Amino acid sequence: MASVLLVLSIALLAALFMSFTVGANSNSAPVAPAVGANALSVLRAALLVGIVAGLGAILQGGSISETIGKDLVTGVAITPIAAAAALLTAATLITIGNTYGYPIPSAFTVTGAMIGSGIALGGGFAVDEYVVILGFWFAIPIVEAVLAYGLARGLRSDAIPETVGIPVLGGAVGYALANIQLTVIPTASGAQGSVARYLATTSQLLPTVVGGSYTLGMVVVSALCGLVALVGTRGLLRRDETAGINQFLVVLGLIVVFTSGGSQVGLATGPLEAVFETDLQLPSIYLLALGGGGILLGAWIRGPRLVQAVSNEYASLGPRRSIAALIPAFLIAQLAIVLGIPISFNKVMIASIVGSGLAASSSGESGVSPRKVGITLGSWVGSMLGAGLISYGLYHVLTAIPTVG
């Protein structure tokens, strides 16, 4: 019994360590443009990042956590030792990478570590799941870059006034927000629901199906939310265009921070998903709360320094290209949450920045460094393979220790 408690304690501490690492390194970028534009102070930005990312983790983190914990290997249930081996491997590699300035993507690292420990446990490769995940990962850079490039070009075009283009984007974000999945809005099937679905269903508004389970009533509710966002954004810009753009950047940044919390917490809590259900017999909301707390602490303790550093890099983008980078990041990360696919939020942000940067380079301004892109791609592949091998070995080391194994 003592050995079981010891292993559970190690696994829980490893999950807290991992969520702290995620909070310290994966949630600051979305508010950096607002800090760079002097719309937010560094300390206030770090404070808001911790709170908003923590809420996102609790309210949206369930689907990705389940994928990490149950779907990456077949034939076995992840044990506390396997979870501890995966989490310790991933968190340590990410921390070392950040310390020495090497980009170590969290999703690649955790996924590799979970596969390694699961195989060491005696499981098999979930090939079908890997095909879906890898396909999504490969699609992200292309889709993100195209979307960000198109938005950046549109916002820079003289044919589209900013008092029109930015409010329209605000309306699109409002429409999307009405459809994001939230833990606090369950559906009849028990899955997460959206504001649009809840309001349309409870009011029995236009139940005609327009595609899948999406109804005409949901379209109407979403369109109304989008209209409110459009009118609100336009009001901000008409009062003071520069201040309005900066305020829009703050709101958009925090929306993306919320999304990042929901898309990243599963990387810390996923390995313990089966442990909480079987060994502890606790609902997953407690696990998400643990991850959300770790993310909050990481953002508060290490956030100010990182926000300051990242904001200096974003200052060269300018507010318009920052908006063009943030909106695709929000949409892609929300899609990943819906599909339950683990992603590296830093990868998502990099792809968006590359796309918006290409819009500037075509006009003779600073563009994108091919060398940095190459280093980043190499780190993604190396981190996944390396984490898998190390986690596989660490599992066997832990099981060889008498008091643990």
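What counts, and where the lines are drawn
Residues numbered from 1 in each chain as written. Predicted model: local features only at pLDDT ≥ 70, side-chain atom pairs only at ≥ 80, totals over all residues. Heavy atoms only, no water. UniProt positions renumbered as here; feature names shortened; annotations may be inferred. Helix = DSSP H or I, 4+ residues; strand = E, 2+ residues; numbered from the N terminus. Rg over C-alpha atoms; globule rule 2.2 N^0.38 Å. Buried < 20%, exposed > 50% of the residue type's maximum accessible area, 1.4 Å probe, protein only. Areas by Shrake-Rupley, 256 points an atom, 1.4 Å probe, with all protein chains shown as cover. Lys, Arg positive; Asp, Glu negative; His and termini not counted. Charge placed at Lys NZ, Arg CZ, Asp CG, Glu CD. Expected span 1.5 Å × (residues − 1). Polar contact = N/O pair within 3.5 Å; in protein donor to acceptor, adjacent residues only side chain to side chain. Phe/Tyr/Trp six-rings, centres within 6.5 Å; stacked < 30°, edge-to-face > 60°. Core = buried A, V, L, I, M, F, W, Y, C linked by side-chain atoms within 4.5 Å. Contact = heavy atoms within 4.5 Å. Salt bridge = Lys/Arg side-chain N within 4 Å of Asp/Glu carboxyl O. 1 Å grid on protein atoms, 1.4 Å probe; cavity = no way out; pocket = protein on both sides within 12 Å on 5 of 7 lines; lining within 4 Å. Points joined across faces, edges and corners; volume = space filled by probe spheres on them. Nonpolar A, V, L, I, M, F, W, Y, C, P; charged D, E, K, R; others polar. Axes fitted to C-alpha atoms, helices over the stretch in contact; angles between N-to-C directions.

- Under an unreviewed UniProt entry, the name given to the protein is Phosphate transporter, and the organism recorded is Haloferax sulfurifontis ATCC BAA-897.
- Regarding the protein, the UniProt comment filed under Function (unreviewed entry) reads as follows: "Potential transporter for phosphate."
- Recorded under Subcellular location (unreviewed entry), the UniProt text for the protein is reproduced unchanged: "Membrane".

Some remarks on the overall build of the protein
Point 1. For the protein, the count of helices and strands is 16 helices and six strands.
Point 2. Whereas a compact globule of 405 residues would reach a radius of gyration of roughly 22 Å, the protein reaches 21 Å, a difference of no more than 12%.
Point 3. Considering only C-alpha atoms, the protein reaches an extent of 70 × 55 × 35 Å along its principal axes.
Point 4. Going through the 405 residues of the protein one by one, you find that 50% of them count as buried.
Point 5. With an accessible surface of roughly 17,000 Å², the protein has 69% of that area assigned to carbon and sulfur atoms.
Point 6. Positive and negative side-chain charges of the protein, numbering 15 and 14 respectively, have mean locations separated by a distance of 11 Å.

Thoughts on helix α11 (residues 241–269)
Point 1. Relative to the 42 Å expected for 29 residues at 1.5 Å per residue, α11 spans 42 Å between its end C-alpha atoms, a close match to the ideal helical length.
Point 2. With 24 of its 29 residues buried, α11 lies for the most part within the structure.
Point 3. Measuring from the backbone nitrogen of Thr242 back to the side-chain oxygen at the start of α11 gives 3.3 Å, which picks out Asp240 as the cap.

Comments concerning the packing of aromatic side chains
Point 1. Counting across every chain of the model gives two aromatic pairs.
Point 2. Ring geometry for Phe108 and Trp137: centres 4.2 Å apart, planes at 20 degrees, overall stacked. Taken together, the positions of Phe108 in helix α6 (residues 106–121) and Trp137 in helix α7 (residues 127–156) put the pair 29 residues apart, joining distant regions of the chain.
Point 3. You can call Phe108 buried: its relative accessible area is 8%.
Point 4. Between the aromatic rings of Phe125 and Tyr130, the centroid separation amounts to 6.5 Å while the plane-to-plane angle is 75 degrees, which identifies the pairing as edge-to-face.

Regarding the nonpolar core
Point 1. Within the largest apolar cluster, 97 residues are counted, with the highest numbers of intra-cluster contacts made by Met18, Trp137, Leu252, Leu272, Ile323 and Ile343.
Point 2. No other element matches α11, which puts 13 residues into this core.
Point 3. When sequence neighbours within four positions are dropped, the list of residues in contact with Met18 reads Leu87, Ala90, Ala91, Ile94, Ser106, Val110, Leu267 and Ala268.

Observations regarding the side chain of Glu273
Point 1. For Glu273, the location among the structural elements is in helix α12 (residues 273–278).
Point 2. The side chain of Glu273 is buried and forms no salt bridge, while Lys70, the nearest opposite charge, is found at 4.9 Å.
Point 3. A polar atom in the side chain of Glu273 sits 2.6 Å from the side chain of Ser65.
Point 4. For Glu273, the contacting residues outside a window of four places in its chain are Ser65, Glu66, Gly69, Lys70, Ser284 and Leu287.

With respect to the layout of surface pockets
Point 1. There is about 350 Å³ of room inside the second largest pocket.
Point 2. Forming the boundary of the second largest pocket are 18 residues, of which Gly62, Ser63, Glu66, Ala191 and Gln192 lie nearest the centre.
Point 3. If you list the elements that add at least two residues to the lining of the second largest pocket, you get α4 (62–71), β3 (182–186) and α13 (284–314).
Point 4. The element that contributes the greatest number of residues to the lining of the second largest pocket is α4, accounting for five residues.

Things to note about empty space enclosed by the protein
With a probe scaled to a water molecule rolled over the atoms, the places where space remains empty come into view.
Point 1. By the definition in use, this model includes one cavity of 30 Å³ or more.
Point 2. Roughly 30 Å³ of internal volume is contained in the largest cavity.
Point 3. Looking at the lining of the largest cavity, the element that brings in the most residues is α4, giving four residues.
Point 4. Classifying every residue of the lining of the largest cavity gives six nonpolar, one polar and two charged.

Notes on unusual backbone geometry
Point 1. In this model, Gln204 sits at a positive phi of 50 degrees, which is unusual for a non-glycine residue.
Point 2. Examined against the element boundaries, Gln204 turns out to sit in the loop between α9 (195–202) and β5 (209–211).
Point 3. Its identity is not glycine, yet Leu206 carries a phi of approximately 40 degrees, on the positive side.
Point 4. Mapped onto the secondary structure, Leu206 falls in the loop between α9 and β5.
Point 5. By relative accessible area, which is 39% here, Leu206 ends up partly exposed.

Quick word on the packing of helix α10 (residues 216–239) against α11
Point 1. With their axes 5 Å apart at the nearest point, α10 and α11 run at an angle of 145 degrees to one another. Contacts from Thr233, Leu236, Leu237 and Arg239 of α10 reach α11 at Glu241, Gly244, Ile245, Gln247 and Phe248.
Point 2. Across the contact of α10 with α11, the residue classes tally to four nonpolar, three polar and two charged.

Some details on the side chain of Thr111
Point 1. Relative to the elements of secondary structure, Thr111 occurs in helix α6.
Point 2. Note on Thr111: relative accessible area 1%, which makes it buried.
Point 3. Beyond its immediate sequence surroundings of up to four residues, Thr111 is in contact with Ile68, Leu72, Trp137, Pro342 and Met384.

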